[in-house]
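# Chains, contacts and geometry: an overview
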Amino acid sequence: MPMENVEHILAHHDPEHACNQGSIIKLGNGDLLLGYNQERGKHHSDSGQSCFIRSIDNGRTWDPATNQVVWPYDEYQGNWDCAFAQVADGTILMHTRVCSFVAASALKDVSEQDIGGPPPGRPERLKRQTGYALLKSTDLGLTWRGPIPVNTAPMADSGLSRYIVGGSGAGHIIELPDGGLLMPLHGSETREFIAQSGENIRTFVLRSDDGGENWQYWATVAHDAANILQLAEPGMARLHSGRLVCLIRATARPGRSDNMWMVYSDDDGASWSRPLRTALWGFPADVMQLQDGPVLAVYGHRRDPFGVRGCLSDDGITWLRENEFIIKEGGAAPSSFRQYWHTGYPTVTQCDDGTIVTAYHEYTNDAQPIQCMWVTRFTP
């Protein structure tokens, strides 16, 4: 894909808080809304708060005055992995994971004590995911109602792993022609999921027929009955034809990052095709159909030289390596920087004038690197 008029733009940088895992959407009025997770401190801990910043010029500039917290963290609870969508009546929906903290007590010396990082002043506390929630705005993000608890049953909503019932900013809620809403997620049925030996992760969708007030399990999107592949962090889109397509991050036990896998649905997500392995290595992906027809996927590339890549498909099903292109390279922290870290998690939208805007996080070049939000604008 030829990229023209390429611009790499720093959208948001907070020297006191790591910012990561974005979710970008174009609103009905033409504004761009970039949601992201603001951590409690400088480390990526998945225990912070969901925020957004706005652009009124197709992503060229991002006004700090528009920066807003949607759901603030407190001493006892946080939220992360927010994903945004706007439905036909103008309502903006944001869904997110919820975590709480518990005292370590006898578990004080267990290695998991640092999962997610403790809140300020509480070095002994453990983070656990304790639910999933949705918030709504009917005034373009000025005010928000919620959180509304999301029923993920029969999928577990808490457990030892950060992977229990999750998603990424690319997992936007999809509105169907009949008004139904689909929420793409991943998770497992058991709470005590252990990454190397327990139940593997599947991708699934919840459905709501009352505007997101209530949710039910709708369908399994992809699941490996052999218990080898973990299928997580779906990037899903509804094409002009009505077909739903989904690219899925895959990890093969005991821990090899595999190529992305693909599925599709022709009945509004009630049933899905057999998963097929694509030629694309990277994760996770966001997917959208462009105005002129081709389907675009953007995804992180967490191997040297790191960065964000894209690929075009004629139908959203066939993804060829020769159609892959580099959106931006770099952004990794030095190998000596010792903390849980990663880059990418791209999310994409297209402006009315055809400009493509993809958002992602990467590290600064400071002596103490910190994650911040970038966007790349280009025309196809």
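Per chain, residues are indexed from 1 in the order of the written sequence. Residues qualify for local features only when their pLDDT is at least 70, as the model is predicted, and side-chain atom pairs are given and counted only at 80 or more; totals for whole chains, interfaces and linings, by contrast, use all residues. Note that water and hydrogens are dropped before the side-chain values are worked out from all heavy atoms of the structure.

Turning our eyes to something else, we now look at the packing of aromatic side chains. Under the pairing criterion, centres of Phe, Tyr and Trp rings, with the six-membered ring standing for Trp, must be within 6.5 Å; the plane angle then separates stacked pairs below 30 degrees from edge-to-face pairs above 60, leaving the rest tilted. Applying the stated criterion to the full structure yields seven aromatic pairs. The interplanar angle of 80° and the centroid separation of 6.0 Å between the aromatic rings of Phe-84 and Trp-144 together place this pair among those described as edge-to-face. Residue Phe-84 is located in strand S6 (residues 77–86), and its partner Trp-144 is located in the loop between strand S8 (125–137) and strand S9 (145–149); the two are separated by 60 residues in the primary sequence. Relative accessible area decides the class of each residue, using a 1.4 Å probe on protein chains only: under 20% of the type maximum gives buried, over 50% gives exposed, and in between gives partly exposed. Overall, Trp-144 belongs to the buried group, its relative accessible area being 18%. Their ring planes at 75° and their centres at 5.8 Å tell us that Phe-337 and Tyr-363 sit as a pair that is edge-to-face. With Phe-337 in the loop between strand S22 (324–329) and strand S23 (344–350) and Tyr-363 in strand S24 (residues 356–363), this pair connects stretches of sequence that are 26 residues apart. A residue is classified by how much of its surface remains accessible, and Phe-337, at 11% relative accessible area, is buried. In this structure an aromatic cluster arises from ring pairing among Phe-52, Phe-84 and Trp-144. Arg-207 extends its terminal NZ or CZ atom over the ring of Trp-218, reaching a point 4.9 Å from the ring centre. Here Lys-328 stacks its cationic end above the ring of Trp-374, 3.6 Å away from the centre of that ring. Only DSSP runs of H or I reaching four residues or more are called helices, and only runs of E reaching two or more are called strands; each is numbered from the N terminus. Cation placement over rings: the criterion is NZ of Lys or CZ of Arg within 6 Å of the ring centroid and within 35° of the ring normal.

To continue, consider the pattern of salt bridges. What counts as a salt bridge is simple: a side-chain nitrogen of Lys or Arg found within 4 Å of a carboxyl oxygen of Asp or Glu. Here the structure, examined in full by the defined rule, presents 16 salt bridges. Close ionic contact of Lys-26 with Asp-352 constitutes a salt bridge, the shortest N to O distance being 3.1 Å. Taken together, the residues span a long stretch of sequence, with Lys-26 in strand S2 (residues 19–26) and Asp-352 in the loop between S23 and S24 at a distance of 326 residues. Using a relative accessible area of 58% as the deciding quantity, one classes Asp-352 as exposed. Ionic pairing is found between Glu-189 and Arg-202, a salt bridge with its closest N-O pair at 3.6 Å. Of this pair, Glu-189 sits in the loop between strand S11 (181–187) and strand S12 (202–208) while Arg-202 sits in strand S12, and the two are 13 residues apart along the sequence. The class of Glu-189 is partly exposed, set by a relative accessible area of 44%. Overlapping salt bridges, with partners in common, bring together Lys-136, Arg-145 and Glu-213 in one network.

Turning our attention to the sheet that holds S24. At least two bridges found by DSSP between two strands are what make those strands a pair. Ordered by their spatial adjacency, four strands build an open sheet running S1-S25-S24-S23, and the pairing between neighbours is antiparallel. Either end of the sheet is taken by a strand with one partner, and the two such strands are strand S1 (4–12) and S23. Taking each pair of neighbouring strands and ignoring which way they run, the sheet shows an average axis angle of 20°. In this structure, S24 lies alongside strand S25 (residues 371–379), joined through eight bridges in antiparallel fashion. Considered in S25, the bridge of Tyr-360 is made with Trp-374. Only the stretch in contact is used when fitting a helix axis, every axis being a line fitted to C-alpha atoms; angles between N-to-C directions are given from 0 to 180 degrees.

Along the chain, Ser-273 falls in the loop between strand S17 (261–265) and strand S18 (276–277). Dropping the residues within four chain positions of it, Ser-273 is found in contact with Val-263 and Tyr-264. By definition in these notes, contact holds between two residues if any of their heavy atoms fall within 4.5 Å.

Our next topic: the pairing of S2. Along any regular strand, the residues point their side chains to alternate faces of the sheet. Burial runs high along S2: seven of the eight residues are buried. Across six bridges, the pairing between S2 and strand S3 (residues 32–38) is antiparallel. Bridge assignment links Asn-20 to a residue of S3, and that residue is Asn-37. Where S2 folds back on S3, the antiparallel hairpin that results is connected by five residues, among which Gly-30 adopts a positive phi of roughly 95°.

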